[in-house]
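# Structural characterization, general
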Amino acid sequence: MANLDVALLPNHWYAIAASTDLGSTPIAASLLDQQLVVYRTTAGQVVVLDDRCPHRGASLACGQVKGNAIACPYHGWQFDLDGHCAQIPSQQASARIPQAAKVASYPVQERYGLIWVFTGDRDRAAQTPLWELPEYDQAGWRVVQGQFDWAADYRRVTENGMDVAHSPFVHANSFGASGNEVIADFELEKSDLGAQIWIPIEPKANYRGSFNLLGRKQETPKAGRSGAAFHLPNITRIDIEFGNFHLILVGIHQPISATTTRSHWLHVRNFLTAGWADGGTRKRTAKLFQEDQKIIEGIAPLRDRNEISVASDRLQLYYRQLWQQHHSSLVAQG
Ligand code: FES
Ligand SMILES: [Fe+2]
C-alpha cells in the first residue's frame, strides 16, 4: 500500500513567495511546516534561512535587515547570508562568537516573479534545473500573477490543476461550457518530471472573459485544443489554443502545511496584451479558483482515499505514480 502521508520531495526547487511580497523587511515563509525567513540584503540579494534564532528561538522574520545580515528581534544577534552569527551585541569585545551560533541557509533563485528555495541536498541544487516557462520572457505575451490559498493538501490542488474533466461542472458559470463533457482519447507525452496531454476543444458561445472574447472573434478558428500538464512535484499548466490565440494558466502550488497550500498562479496570453485587461484577469482567475475551492476543500485527505478512476483521469494517475516513485526512491535511500 502506497504511503500517502503528506511529504515533500526534497530535491526540487519550491516557490515560497512572490518577489513583490519582499520589500526591505524580512518575511516568514513556510514549506510543509518548515519555517523559513526570507530577506533581501541591502545590495538586493535574496536570502533564505531557517526562521529560528539559535539563541532563544525567536523568529528572525520579525527582525531587521542590516546590510548583508539579519538581526534577531530579541537580543539583536546578527546572522550573515550564509547563516553564521556575525555579531552578538551583549558580548564584550574579547568574547568569541560560539561556533554553533548559526542557522541553516538554503540556495535561492529569483525567477518568474517568484522566490524559489532548494531545501534538499545542497550539492544537488546547482544541477537541478528550475521548471521552465519560455513564454514568460518572450515579446508579445502578457503575464499577470497572483496567489490563492487553499485549506487542502498540495497534491489535491496540483491534481485539480491538471483535471480536464471537471470544467463543465465546477466552472459552468465561468469558462466551463456544457457540451465539452466528453474527453477525447489522449496520449501522455512524458518527460523526466512530468507529462502533457492535448485534447480538442471548440469555442462556445457561453464562454466568459478572455475565453468569451476568443469565442466571439470573427477570426477565431472554430476548433482548438487544450493542453494540461504537470511538472513534479507541484506545478501545473493549462493551455488553451485557438489558432494563433494562446492562453496559459500555470499553478505553482506551495505546500505550506499538510493541510494548506498557496497557489502562485501565472496567467500568460498572447492576445489582449494591454495592461488595462489585467484587473479583469485577476478577478476572473480568483473566481475560477473559488469555484474549485468549494470542491477541493471538501475532499477527504489523500491517505483516506478509496477512489475509482477512469480514462479521463490518466494524467492525474501518472502524476500520482511519478510522485510515488520519487518518494519511494527517497525512502529507499534512507
Ligand atoms: S533569541 Fe535571537 S538573539 Fe536572543
Ligand atoms: Fe478548476
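Note that the structure is a prediction, hence the values are computed from the model and not measured.

Before going further, it helps to examine the side chain of N160. Here N160 is to be found in helix α2 (residues 154-161). Since its relative accessible area comes to 11%, N160 is described here as buried. Separated by 3.4 Å, the side chains of N160 and D292 make a polar contact. When sequence neighbours within four positions are dropped, the list of residues in contact with N160 reads W150, H166, D292, I296 and Q316.

Attention now moves to the UniProt feature "domain: Rieske" (unreviewed entry) in the protein. The sites that UniProt annotates as "domain: Rieske" (unreviewed entry) are residues 13-117. The span residues 13-117 carries 0% helix and 41% strand; its end-to-end C-alpha distance comes to 5 Å.

Quick look at α2 now. The element α2 is largely enclosed, with a buried count of eight among its eight residues. Looking only at α2, the buried set comprises Y154, R155, R156, V157, T158, E159, N160 and G161. The N-terminus of α2 is capped by D153, whose side-chain oxygen sits 2.8 Å from the backbone nitrogen of R155.

Only H166 (NE2), H171 (NE2), D292 (OD) and D292 (OD) from the protein reach the iron ion (ligand 2) as donors, at distances of 2.1 to 2.5 Å. Coordination at the iron ion (ligand 2) comes from four donor atoms whose angles at the metal span 56 to 145 degrees, giving a geometry best classed as irregular. Each donor residue of the iron ion (ligand 2) lies on the same chain, and together they follow the pattern H-x4-H-x120-D. With H171 in the loop between α3 (167-170) and β13 (189-191) and D292 in helix α5 (residues 278-296), this residue pair connects regions lying 121 residues apart in the sequence. Summarising the burial analysis for this pair, H171 and D292 share the class buried.

What counts, and where the lines are drawn
- Per-chain numbering applies: the sequence of each chain, read as written, is numbered from 1 onward.
- Chains carry letters and ligands carry numbers; both start at the beginning, A for chains and 1 for ligands, and go up in the order they are written.
- The model is predicted, so local features are restricted to residues of pLDDT at least 70 and side-chain atom pairs to those at 80 or more, both for listing and for counting; the totals for chains, interfaces and linings are taken over all residues.
- Remark: hydrogens and water are excluded; side-chain values derive from all non-hydrogen atoms of the structure.
- Helix numbering and strand numbering both begin at the N terminus, where a helix is a DSSP run of H or I of at least 4 residues and a strand a DSSP run of E of at least 2.
- Only protein chains enter the accessibility calculation, which uses a 1.4 Å probe; a residue is then buried when its area is under 20% of its type maximum, exposed when over 50%, and partly exposed in between.
- Pairing of N or O atoms within 3.5 Å defines a polar contact, subject to two protein rules: one partner must be a possible hydrogen donor and the other a possible acceptor, and residues neighboring in sequence count only if both atoms are side-chain atoms.
- Working rule for contacts: check all heavy atoms of both residues, and any pair within 4.5 Å makes them a contact.
- UniProt positions are given in the numbering used here, feature names are shortened, and annotations may be inferred rather than shown by experiment.
- Here a donor is an N, O or S atom found within 2.8 Å of the metal, or within 3.2 Å if the metal is Na, K or Ca; sites may look incomplete because water is not among the atoms.
- Here a site with four donors is tetrahedral if all angles are between 85 and 135 degrees, and a site with four or six donors is square planar or octahedral if opposite donors are over 155 degrees apart and the other angles are between 65 and 115; anything else gets the irregular label.

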